[in-house]
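# Structural description and commentary
Chain by chain, the residues:
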Amino acid sequence: MKNYRITVNGTTYDVTVEDQAGGAVAAAPVAAAPAAPAAAPAAPAAKPASSGAAGSVTVNSPMPGKILSVKASAGQSVSKGDVLMVLEAMKMENEIVAPSDGTVASINVSEGASVEAGDLLASLN
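Residues numbered from 1 in each chain as written. Predicted model: local features only at pLDDT ≥ 70, side-chain atom pairs only at ≥ 80, totals over all residues. Heavy atoms only, no water.

### Thoughts on the sheet that holds strand β7 (residues 77-78)
Read from one edge of the open sheet, four strands run β5-β12-β10-β7, paired in antiparallel fashion. Since the sheet does not close on itself, it has two edges, and those belong to β5 (57-60) and β7, each with one partner. Alignment of β5 against strand β12 (residues 120-124), held across four bridges, turns out to be antiparallel. Residue V57 lies in a different strand from β12, and its bridge partner there is L124. (Pairing = 2+ DSSP bridges. Helix = DSSP H or I, 4+ residues; strand = E, 2+ residues; numbered from the N terminus.)

Right, here's the structure in full:
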């Protein structure tokens with residue numbers, strides 16, 4: 001059995017790897033005590049103004065990246081799975097789709113905007 005300490009995005013995990021006949025199997029990671037921050041994070045960049053009132057269904061960014069194109073606009077009717085925008089992350093284009101049927105209440109980003117994981121991209125009614 002081997003123990004490793006791994007840091008991912010500032011969170012430290014203690015991982016135990018067990019040797020077995022069929023190969024190595026990793027145990028579930030357990031968060032360790034947070035490491036001391038190296039420096040204070042920079043202030044977040046100003047977000048573009050939304051194009052309307054927030055709706056009841058939110059669409060958040062699944063990962064950090066850059067908005068390549070916005071395919072929907074406020075007031076547009078969309079069906080579940082319709083492409084709202086395209087997000088570039090790690091040189092891959094990811095389609096951000098509507099999670100349900102509805103009307104686009106707001107688009108909270110513009111083309112070329114950089115977003116972080118969890119940022120509000122759009123909302124639906």
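Right, picking up where we left off after that structure.
### A short note on a nonpolar patch on the surface
Among the surface-exposed residues, Y4, I6 and V8 lie close enough to one another that they form a single nonpolar patch of about 250 Å² accessible area. With respect to the element layout, V8 can be found in strand β1 (residues 2-8). Judged by relative accessible area, V8 falls into the partly exposed class, the value being 41%. (Patch = residues over 30% accessible without salt bridge, like charges linked within 9 Å, V, L, I, M, F, W, Y side chains within 5 Å. Areas by Shrake-Rupley, 256 points an atom, 1.4 Å probe, with all protein chains shown as cover. Salt bridge = Lys/Arg side-chain N within 4 Å of Asp/Glu carboxyl O. Buried < 20%, exposed > 50% of the residue type's maximum accessible area, 1.4 Å probe, protein only.)

### Digging into the environment of S77
Locating S77 in the fold gives a position in strand β7. Along the primary structure S77 and N125 are separated by 48 residues, whereas in three dimensions their C-alpha atoms are 9.5 Å apart. In this view, S77 contacts G102 and T103; residues no more than four positions away in its chain are not counted. (Contact = heavy atoms within 4.5 Å.)

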